[in-house]
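If you want the building blocks of each chain, they are given just below.
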Amino acid sequence: MSTIKPKSSIATMVSYTPNHGGAKKPGKVIRLSANEGALGMSPKALAAMHSVDPDLHRYPAVAASRLAEAVGRRNGIDPARIVFGCGSDELIQVLCLAYLEPGDEAIYTQYGFLVYPMATRIAGGVPVVAPDDEYTVSVDAILKAVTERTRMVFLANPNNPTGTYIPQEEVKRLRAGLRDDILLVLDAAYCEYVTKNDYDSGIEMVENHDNVVMLRTFSKLYGMAGLRLGWAYGPKDIAATLESIKQPFGVNSLAIAAGIAAVEDLAFQEAVIESNNKWLPWSAGKFAELGLEALPTVTNFLLLRFPETDGKTAEAARLFLAERNILVREMGGYGVPDTVRLSIGTGEEMREVVDALADFLGKERPVS
Ligand SMILES: Cc1ncc(COP(=O)(O)O)c(C=O)c1O
């Protein structure tokens, strides 16, 4: 074993372990384990990537200004304050590296995205958990967890894996309760799916405050998870800091070309949302008919609870589904082992899942 040891903060870090494999046989796989966009990528984004070919021997643009302009136009925000990363995962890490001194605390929520504590530890910081209230983020619990060492608060809104959200008024109350030297990171990875009037992705908060950053991703609505593209929107000085320490060429040329086309393809975005708005309630309804409770979700995935009965547990269901090449995410790592998380796929995929779960439970298949 090498005598060179990594930082002690990393020794106790739990690494993020995705669950993207596990299909039991060759052939078609229904992959609902990673909250990717059900309809894939805009055909215009695919065409844009093909058109990049002659330039692939060149390094990509460092500042991706055409992409920033496109994203800025689409969201009505200042392109100069947008920073792109190799997925929002990279930006979470870069934020921690930039703003946490060793021993500084970063608060994340009980069922929050596991990359937050991991990135905190990599930076030498200390992750602090704020308990949820009924699987929903509790602003009071976050405020209670603040100490004089707190430097960052991570809030995924809506949250992964619960799928629940808190209204904008609550986010405002959270920020108002934080000291000015605490950075509030609003991770709005799933914001485009939310149809609630009292929700805001965080743009308004960034516009009005110096200690708020919003994170967004092309992995969900835009169906570009494999291309790795995310962005942060924040105050000018924070954007400049992130830009200065992230990998210079971390965002590749294909992602930039596809990102510009995808963000401008409004018809495709509407089709994705329409599909989700149809198949999410349909699936939740069918699961309910089978006696399976889903948490109320505003996203493109849901958390489904299984009984403790031997042979009918969440883990048994996950293995049963895997035998049929249907992949869903186990939730032990998130502390909810009696559930599985599954993305909302296409109508055909959801019909297959419902039928498979009926078979698993030994119940009649619901009529579609
Ligand atoms: C809340 C949340 N933030 C960030 C990410 C990471 O997104 P990206 O693919 O842009 O790294 C995910 C992915 O599942 C997520 O659920």
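In case you missed it, the structure is sitting above this.
Figured I'd write up the structure that's included with this text. Here the residue numbers are simple positions, counted from 1 along each chain's written sequence. Thresholds applied to this predicted model are a pLDDT of at least 70 for local features of residues and 80 or more for the giving and counting of side-chain atom pairs; totals over whole chains, interfaces and linings are not thresholded and use all residues. Water and hydrogen atoms play no part in the side-chain values, which are based on all heavy atoms of the structure.

1. Some thoughts on the overall build of the chain
By the criteria applied, helices consist of DSSP H or I runs no shorter than four residues and strands consist of E runs no shorter than two, each listed in order from the N terminus. What the chain contains, in helices and strands, is 13 helices and 13 strands. The atom set for the radius of gyration is the C-alpha atoms, and the globule formula is 2.2 Å times the number of residues raised to the power 0.38. Here the C-alpha radius of gyration of the chain, 21 Å, is about what a compact globule of 368 residues would show, namely 21 Å. Principal-axis analysis of the C-alpha atoms gives the chain an extent of 60 × 55 × 50 Å. For the chain, the proportion of its 368 residues judged to be buried stands at 54%. Counted over contacts in the chain with a minimum sequence separation of 6, partners at least 24 positions apart contribute 75%. When the accessible area of the chain is evaluated, it comes to approximately 16,200 Å², of which 53% is carbon and sulfur surface. Whether a residue is buried, partly exposed or exposed follows from its accessible area with a 1.4 Å probe, protein chains only, as a fraction of its type maximum: under 20%, in between, or over 50%, in that order. Only heavy atoms enter the contact rule, under which two residues are in contact if any of them lie within 4.5 Å. Exposure was quantified through the Shrake-Rupley algorithm and a 1.4 Å probe, taking into account, for residues, occlusion by the shown protein chains and nothing else.

2. With respect to empty space enclosed by the protein
Here a cavity denotes a set of grid points, spaced 1 Å apart and computed over the protein atoms alone, in which a 1.4 Å probe fits but from which it cannot get out, and a pocket denotes an open set meeting protein on both sides within 12 Å along at least five of seven lines; residues with an atom within 4 Å of a point are reported as lining. Grid points are joined across faces, edges and corners, and a volume is the space filled by probe spheres set on the points. Enumeration according to the criterion identifies three cavities of 30 Å³ or more in this entry. A volume near 60 Å³ is recorded for the largest cavity. Around the largest cavity, the lining residues are Ala38, Leu39, Tyr193, Val272, Ser275, Asn276, Asn300, Ile344 and Gly345. Throughout, the ten residues Ala, Val, Leu, Ile, Met, Phe, Trp, Tyr, Cys and Pro are labelled nonpolar, Asp, Glu, Lys and Arg are labelled charged, and all others, Gly among them, are labelled polar. When grouped by side-chain class, the residues that make up the lining of the largest cavity number five nonpolar, four polar and no charged.

3. Side note on the pattern of salt bridges
Salt bridges are identified by distance alone: a Lys or Arg side-chain nitrogen within 4 Å of an Asp or Glu carboxyl oxygen. If you walk through the whole model with that rule in mind, you get 22 salt bridges. Taking the shortest distance from any N to any O, the salt bridge between Glu207 and Arg81 comes out at 3.6 Å. Of this pair, Glu207 sits in helix H8 (residues 203-208) while Arg81 sits in the loop between helix H3 (65-75) and strand E2 (82-85), and the two are 126 residues apart along the sequence. Of the residues examined, Arg81 reaches a relative accessible area of 15% and is grouped as buried. With a closest N to O distance of 3.0 Å, Asp338 and Arg305 form a salt bridge. Within this pair, whereas Asp338 is found in the loop between strand E12 (329-330) and strand E13 (339-343), its partner Arg305 is found in strand E10 (residues 301-305), the two being separated by 33 residues in sequence. Using a relative accessible area of 21% as the deciding quantity, one classes Asp338 as partly exposed. By relative accessible area, Arg305 is classed as partly exposed at 22%. One connected set of salt bridges, linked through shared partners, spans Arg324, Asp355, Asp359 and Arg365.

4. Some details on the sheet that holds E13
Read across the sheet, four strands follow the order E9-E10-E13-E12 without closing on themselves; strand pairing throughout is antiparallel. On the outer flanks of this sheet lie strand E9 (293-294) and E12, each paired with one strand and no other. As defined by bridge partners, E9 adjoins E10 across two bridges and the pair is classed as antiparallel. Looking across to E10, one finds that Glu293 is bridged to Arg305. Any two strands with at least two DSSP bridges between them are considered paired.

5. A short note on the pairing of strand E3 (residues 105-109)
Counted residue by residue, E3 has five buried out of five residues, so it is predominantly covered. Neither face of E3 is left uncovered, since the one carrying Glu105, Ile107 and Thr109 and the one carrying Ala106 and Tyr108 both have all their residues buried. Strand direction decides the pairing type here: E3 and strand E4 (residues 126-130), joined by five bridges, are parallel. When the bridges of E4 are listed, Ile107 appears paired with Val128. We call a crossover right-handed when, viewed with the strands running away from us, the connection from the first strand over the helix to the second turns clockwise. The parallel pair E3 and E4 is bridged by helix H5 (residues 115-122), and the resulting crossover is right-handed.

6. Description of the nonpolar core
Counting residues in hydrophobic clusters, the biggest one holds 64 residues, and the most contacted among them are Leu67, Phe84, Phe218, Met224 and Trp231. Sorting elements by how many residues they give to this core places helix H10 (residues 253-264) first, with eight residues. With residues up to four places along the chain from it excluded, the contact list for Phe84 reads Ala64, Leu67, Ala68, Val71, Leu91, Leu229, Gly230, Trp231, Lys246 and Val251. Leu91, Tyr111, Ala123 and Val185 belong to the second-largest nonpolar core, a separate cluster that totals 32 residues. Definition of nonpolar core: a set of buried residues of the types Ala, Val, Leu, Ile, Met, Phe, Trp, Tyr and Cys, connected through side-chain atoms within 4.5 Å.

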